[in-house]
Amino acid sequence: MGKINLKAKLISDEENLNIEVSGIKTNNKIVYKENNITVTILIFDNKIEMNRTCNEYKINFVFEKDKETISTYQVFGMEKIFDLNTNTKKLIIKDNEIVLNYDLEGNDFKYSLVWEVRHENNT
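As the structure is a computational prediction, the values presented were derived from the model and not from experiment. (Residues numbered from 1 in each chain as written. Predicted model: local features only at pLDDT ≥ 70, side-chain atom pairs only at ≥ 80, totals over all residues. Heavy atoms only, no water.)

1. A short note on the pairing of strand β6 (residues 57-64)
Working step 1: By the alternation rule, side chains of β6 split into Tyr57, Ile59, Phe61 and Phe63, which are all buried, and Lys58, Asn60, Val62 and Glu64, of which none is buried.
Working step 2: As defined by bridge partners, strand β5 (residues 47-53) adjoins β6 across 7 bridges and the pair is classed as antiparallel. Paired with Lys47 across the strands is Glu64, a residue of β6.
Working step 3: Two successive antiparallel strands, β5 and β6, enclose a turn made up of 3 residues.
Working step 4: Sheet topology places β6 next to strand β7 (residues 68-75); 4 bridges connect them, and they run antiparallel. The residue bridging Lys58 from the neighbouring strand is Gln74, located in β7.
Working step 5: Count of turn residues in the β6/β7 antiparallel hairpin: 3 residues, of which Asp66 carries a positive phi of about 55°. (Buried < 20%, exposed > 50% of the residue type's maximum accessible area, 1.4 Å probe, protein only. Helix = DSSP H or I, 4+ residues; strand = E, 2+ residues; numbered from the N terminus. Pairing = 2+ DSSP bridges.)

If you want it as structure tokens, here you go:
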């Protein structure tokens, strides 16, 4: 388990979000907090799974390069889980960077995440 510094960017027609936070990276898993939302990212060879959870809802995204996938959206207190059509247009996975361009239910999004290992001073 390693502590990391992250820079996340999400751009859509309706928002332009830039976040700099600390997180934890273990093998192929990254976890960080974005305000009151816990973001968990699983990194595979040609696929990203992202889970965004807060008190009100949970969204599970599945991004696979050049493929249409089904992501799910659940509002807590409701039994119904909504399917979201997700079309991944661009997926780049590097040692310390993820770049995603995707269409979610007809809306375009660009997401990027860059991270570096946090070095602690032991003084």
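Next comes the rest of the account.
2. Looking at the pairing of strand β3 (residues 29-34)
Working step 1: Every second residue of β3 is oriented toward a common face, the buried set being Ile30, Tyr32 and Glu34 and the non-buried set Lys29, Val31 and Lys33.
Working step 2: Relative to β3, strand β2 (residues 16-26) runs antiparallel, the two sharing 4 bridges. For Thr26, the partnering residue across the bridge sits in β3 and is Lys29.
Working step 3: As paired strands, β3 and strand β4 (residues 37-43) are joined by 6 bridges and run antiparallel to one another. Across the sheet, Ile30 pairs through a bridge with Ile41, a residue of β4.
Working step 4: As consecutive antiparallel partners, β3 and β4 are separated by 2 residues, and within that stretch Asn35 has a phi angle of approximately 55°, a positive value.

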